[in-house]
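Each chain is listed here by its residues.
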Amino acid sequence: MVGAVIYVRVSTKEQTENLSLPTQLRACEEYCRRQGYEVLERFHEEGESAKSTNRSQLQNLLTFCRLNKGRVHFVVVFNLTRFARDKYDHFALRSHLQSLGISLRSATEPIDDTSTGKLMEGVLAAFAQFDNDVRSDRTRAGMKAALELGRWVFLAPIGYLNAPRSTGKSLMHDPERGPLVRRTFEEYASGRHTKEQLRKKARKWGLTNRRGKPLASQAIGVLLRNQLYAGIVDVPEYGVRGKRGDFEPLISEDLFYQVQVVLSGRIASTAPRQRVHPDFPLRGFVRCEYCGRGLTGSWSKGRSEYYAYYHCRPGCRAVNVTKATLEGLFADELALLQPTPGYMRLLKESVLQIWKARKAAVRDEVANAERAAKSIQDKLDRLDEAFLFERSIDIETYDRHAEKLREDLTLARMDRHSGQLEELDVEGILAFAERVLPRASDLWVQASLDQRQRFQQLFFPDGIAFDGNRLIGTGATAPVFSYLREITTKNEGLVDQTGVEPVTS
């Protein structure tokens, strides 16, 4: 008997529920009966595309043919599109089967090993690829048309879910991850965190990827730059730029562009430099007076217990001091910074005056940025009209000018948000500062590691030096004192007090 194996395939899971597979199988079995072939095995491929050879049942078929070389003479398919839609894949698979002494047959097409049959097979294989290419073009065109209408046609990013068609929207908020993504944007917009610090916070909140694993550092950066969270569909590879989505955004555009400002470094970050060992809050902050490098910290074993020391790094032995001594000296240094009542009155007057002047200047800056953004948007609208409706420019000219205008528009929007000031209760902050400054030493001793580092940066933004006996430096250049000097630039700002409140039980 001449042995044959049957291979049937459907492309989608939906097709497995209709008669496609049984119909193919009956036709192939009938063909084998007419030709007098003995069916040795049947392979059913369910929900797999023919554009790839990485199909489980196809792999099983090839293995079966190899292990039963000499018994299998033919592979029978319903038609060649069920076997492969790529012409190269078709002939590669056919060549492999021929090396095993196996020929390919179609139950519905006249192919065989004659010259005419081979010609017909080549033509049919080419048409199968042509049909697949046309389907791909139509699919891509349909996806682009949907994107132009603001519909998201891909897998939803973290924080969203792909919405059912019955809702009339392409995305909906993920009730679990959505609030965490929004919180991630809000925390980073404050400027108090680096991306690595934010990643660790997000992990504690429970923000994970689709596989349930914590986000990687790179994923945080990608998330913060994704315009989809602000409801903007932007897919350059499909030629779709800046379309308003058909779904409810997770965050406002204002918040999104505020985050872009922080990412670009256009505003100074208040995130403290991380010195993550909780036992040594001054590590890296206090520097050696002789070599200029930041001190490190470690535990040394004595006869019966361990002792904590701050010391200089290898190559310099100028500093080696106990943890208690150095931290005690630093607390004493903070105690020296207590302001007098007269100083606080002057501080209040200066800050309020500067704050009012800065708000007036910012209003002008924001208005200028808004006018610039509107002007650019008008140019972009006219460019779209010239290309889409008047047909007065070609696609190359459109792309060249559109890319530049979109870049300018993004920068103008960032300028608008970088100039904005938070709505702060300045008088309340000053009252808080009046309570904090006289108690800075006590609060630093009681604070957590993160709060201690914020205190250190607040009072000594450039760090402080230690010569082995005493601390050398002054807090007079700290931001909290800078309001006494005449402001000659527009870079002045109020210190964000969040994170330095005293620990409460």
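Student: Just checking my understanding: could you explain helix H2 (residues 56-67) for this structure?
Tutor: An α-helical turn contains 3.6 residues, so any two residues separated by three or four positions project in the same direction. With 12 residues, H2 extends 17 Å from end C-alpha to end C-alpha; this agrees with the ideal 16 Å at 1.5 Å per step. Residues of H2 that are buried include every one of Leu58, Leu61, Leu62, Phe64 and Cys65, and no others. Seen end-on, H2 carries its buried residues on one side only, within an arc spanning 160°. When the buried face of H2 is taken as reference, the exposed residues oriented beyond 90 degrees from it are Arg66 and Leu67.

Student: Explain the environment of Phe459 to me, please; I cannot follow it from the model alone.
Tutor: In this fold, Phe459 is placed in helix H15 (residues 449-459). A sequence separation of 19 residues divides Phe459 from Ala440, and the C-alpha atoms of the two residues are 9.4 Å apart.

Student: Got a minute to help me understand the confidence of the model for the chain in this structure?
Tutor: Low pLDDT marks regions whose predicted coordinates should not be analysed in detail. With 81% of its residues at a pLDDT of 70 or more, the chain shows a mean pLDDT of 78. In the predicted structure, residues 14-19 sits below a pLDDT of 50 and forms 5 contacts with residues beyond four places in sequence or in another chain. Note that pLDDT drops below 50 for residues 475-505; the model gives that stretch 66 contacts with residues more than four away or on any other chain.

Student: When you look at the packing of aromatic side chains in this model, what are you seeing that I'm missing?
Tutor: Aromatic ring pairs: the centre-centre distance and the angle between the two ring planes describe each pair. With the rule as written, the count across this model stands at 14 aromatic pairs. For the pair Phe330 and Phe460, a centre-to-centre distance of 5.7 Å together with 50° between the ring planes defines the contact as tilted. A residue pair is termed long-range when its members are at least 10 positions apart, and Phe330 in helix H10 (residues 323-335) and Phe460 in the loop between H15 and strand E13 (464-466) qualify at 130 residues. For the residue pair Phe330 and Phe460, the accessibility class agrees, reading buried in each case. Ring pairing ties together the aromatic residues Tyr160, Phe185, Tyr229 and Phe247, which thus form one cluster. Above the ring of Trp444, the side-chain terminus of Arg452 is found at 4.5 Å from the ring centroid.

Student: It is not clear to me how the state of the cysteines should be interpreted in this structure. Could you clarify?
Tutor: Each disulfide consists of one covalent bond between the sulfur atoms belonging to two cysteines. Under the counting rule described, the total for this entry stands at 0 disulfides. Cys32 supplies the cysteine sulfur nearest to Cys28, a cysteine that is in no disulfide, at a spacing of 6.9 Å. Overall, Cys28 belongs to the buried group, its relative accessible area being 0%. This cysteine, Cys316, is not joined by any disulfide, and Cys312 carries the nearest cysteine sulfur, 3.6 Å off. Overall, Cys316 belongs to the buried group, its relative accessible area being 15%.

Student: Honestly, the packing of helix H6 (residues 178-189) against helix H7 (residues 195-205) in this entry has me stumped. Any pointers?
Tutor: For any two helices packed against each other, the geometry comes down to the angle between their axes and how far apart the axes lie. Where H6 contacts H7, the axes come no closer than 11 Å and their chain directions differ by 150°. Taken as axis vectors, H6 and H7 run roughly antiparallel relative to one another. In this structure, H6 meets H7 at a crossing whose hand is right-handed. Every residue of H7 that contacts H6 at Leu180, Arg183, Thr184, Glu187 and Tyr188 is listed here: Lys195, Leu198, Ala202 and Trp205. Looking at the contact of H6 with H7, its residues break down into 5 nonpolar, 1 polar and 3 charged.

Student: So what exactly am I meant to see when it comes to the packing of H7 against helix H8 (residues 217-224) here?
Tutor: As a packed pair, H7 and H8 sit with axes 9 Å apart at the nearest point and diverge in direction by 100°. By the angle between their axes, H7 is roughly perpendicular relative to H8. Only Ser217, Ile220, Gly221 and Leu224 of H8 make contact with H7, whose side of the interface consists of Lys195, Glu196, Leu198 and Arg199. Its residues assigned to classes, the contact of H7 with H8 shows 3 nonpolar, 2 polar and 3 charged.

Each value, and the rule that gives it
Residues numbered from 1 in each chain as written. Predicted model: local features only at pLDDT ≥ 70, side-chain atom pairs only at ≥ 80, totals over all residues. Heavy atoms only, no water. Helix = DSSP H or I, 4+ residues; strand = E, 2+ residues; numbered from the N terminus. Expected span 1.5 Å × (residues − 1). Buried < 20%, exposed > 50% of the residue type's maximum accessible area, 1.4 Å probe, protein only. Arc of directions from axis to C-beta. pLDDT = per-residue confidence, 0-100. Contact = heavy atoms within 4.5 Å. Phe/Tyr/Trp six-rings, centres within 6.5 Å; stacked < 30°, edge-to-face > 60°. Lys NZ or Arg CZ within 6 Å of the ring centre and 35° of its normal. Disulfide = S-S within 2.5 Å. Axes fitted to C-alpha atoms, helices over the stretch in contact; angles between N-to-C directions. Parallel < 35°, antiparallel > 145°, perpendicular 65-115°, else oblique. Left-handed = near helix turned anticlockwise from the far one by under 90°. Nonpolar A, V, L, I, M, F, W, Y, C, P; charged D, E, K, R; others polar.

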